[in-house]
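# Structural overview for review
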Amino acid sequence: MVFRFPKSLDPITLFHNPALASSKRVHNILRQASATASETATEDQASDYIEHAKRQRGEFQLEVTTAPPTPDQLRNILDYVGGGVKPSDLVQGAKDAKDALELFKKDEGKFVRPVTVDWNHGNAVVGDNESEILRMVHQLDVD
């Protein structure tokens, strides 16, 4: 018998502001997706389920924080966001990524929430675009 360490769950972080309706919406989307992934991971059904499950991410560890990211995390998030997202979408008033980091270091309050980050797969979604968030949390496991 071979001993294996249990596979750790992929961390997905929501930088959250409970005062914002958009942030509450993202939190609900992620909680529901996490619960669904958890249920799916424990089901035992026919072979078509097994094929479907192989194409899903499976469970993930949802981390919700009201704290701003660290400067290193912000640098990663700026790298992860998809096309069409400007640095000013993440840090108010930023002209480019370098400016975003400088403004953020001076005033962390300029960080815009909600932001959802999949650290293991290098993805970030700014705002409450449900289809983008669900695409990120259900993406194929590349392991």
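Small disclaimer: the values here were computed from a predicted structure and weren't measured. (Residues numbered from 1 in each chain as written. Predicted model: local features only at pLDDT ≥ 70, side-chain atom pairs only at ≥ 80, totals over all residues. Heavy atoms only, no water.)

Turning our attention to the pairing of strand β4 (residues 123-126). Pairing geometry for strand β3 (residues 115-118) and β4, over four bridges, is antiparallel. In the strand pairing of β4, Val 117 is matched with Ala 124. In textbook terms, the turn of a hairpin is the stretch between consecutive antiparallel strands, and for β3 and β4 this stretch comprises four residues, one of which, Gly 122, has a positive phi near 65°. (Pairing = 2+ DSSP bridges. Helix = DSSP H or I, 4+ residues; strand = E, 2+ residues; numbered from the N terminus.)

In this description, a pair of aromatic rings is defined by centroid distance and the angle of the planes. Enumeration over the complete set of coordinates arrives at four aromatic pairs. Here Tyr 80 and Trp 119 contribute two aromatic rings whose centre-to-centre distance is 6.2 Å and whose plane-to-plane angle is 65°, an arrangement assigned as edge-to-face. Of this pair, Tyr 80 sits in helix α3 (residues 71-80) while Trp 119 sits in the loop between β3 and β4, and the two are 39 residues apart along the sequence. Residue classification places Tyr 80 among the partly exposed positions, given a relative accessible area of 21%. Counting every residue linked through ring pairs, the aromatic cluster contains Phe 15, Tyr 80, Phe 104, Phe 111 and Trp 119. (Phe/Tyr/Trp six-rings, centres within 6.5 Å; stacked < 30°, edge-to-face > 60°. Buried < 20%, exposed > 50% of the residue type's maximum accessible area, 1.4 Å probe, protein only.)

If you walk across this open sheet you meet the four strands as β2-β1-β3-β4, and the pairing is mixed. Bordering the open sheet on either side are β2 (60-65) and β4, each of which pairs with just one other strand. Taking the axes of each pair of neighbouring strands and ignoring which way they run, one obtains an average angle of 15° across the sheet. Packed on one face of the sheet, α3 meets β1 (10-15), β3 and β4 and runs near 85° to β3. Where helix α6 (residues 130-137) meets the sheet, its contacts fall on β1, β2, β3 and β4, and the angle it forms with β4 comes to roughly 160°. (Axes fitted to C-alpha atoms, helices over the stretch in contact; angles between N-to-C directions. Contact = heavy atoms within 4.5 Å.)

Counting 17 residues, the largest nonpolar core has Ile 77, Leu 90 and Val 91 as its most contacted members. Put simply, the parts of the chain that give this core at least two residues each are α3, α5 (97-106) and β3. Per-element tally for this core: the top contributor is α5, with four residues. If near-sequence neighbours (up to four positions away) are discounted, Val 91 is found in contact with Leu 74, Ala 100, Leu 103, Phe 104, Lys 110 and Val 112. Membership of the second largest hydrophobic core comes to 11 residues, among which are Ile 12, Phe 60, Ile 133 and Met 136. (Core = buried A, V, L, I, M, F, W, Y, C linked by side-chain atoms within 4.5 Å.)

Among all positions in α5, only Asp 99, Ala 100, Leu 101, Leu 103 and Phe 104 are buried. Looking at the packing, one finds that the buried side of α5 touches α3 and α4 (87-90). Its side-chain oxygen 3.2 Å from the backbone nitrogen of Lys 98, Asp 96 forms the N-cap of α5. (Polar contact = N/O pair within 3.5 Å; in protein donor to acceptor, adjacent residues only side chain to side chain.)

Keep in mind these values describe shape, not function.
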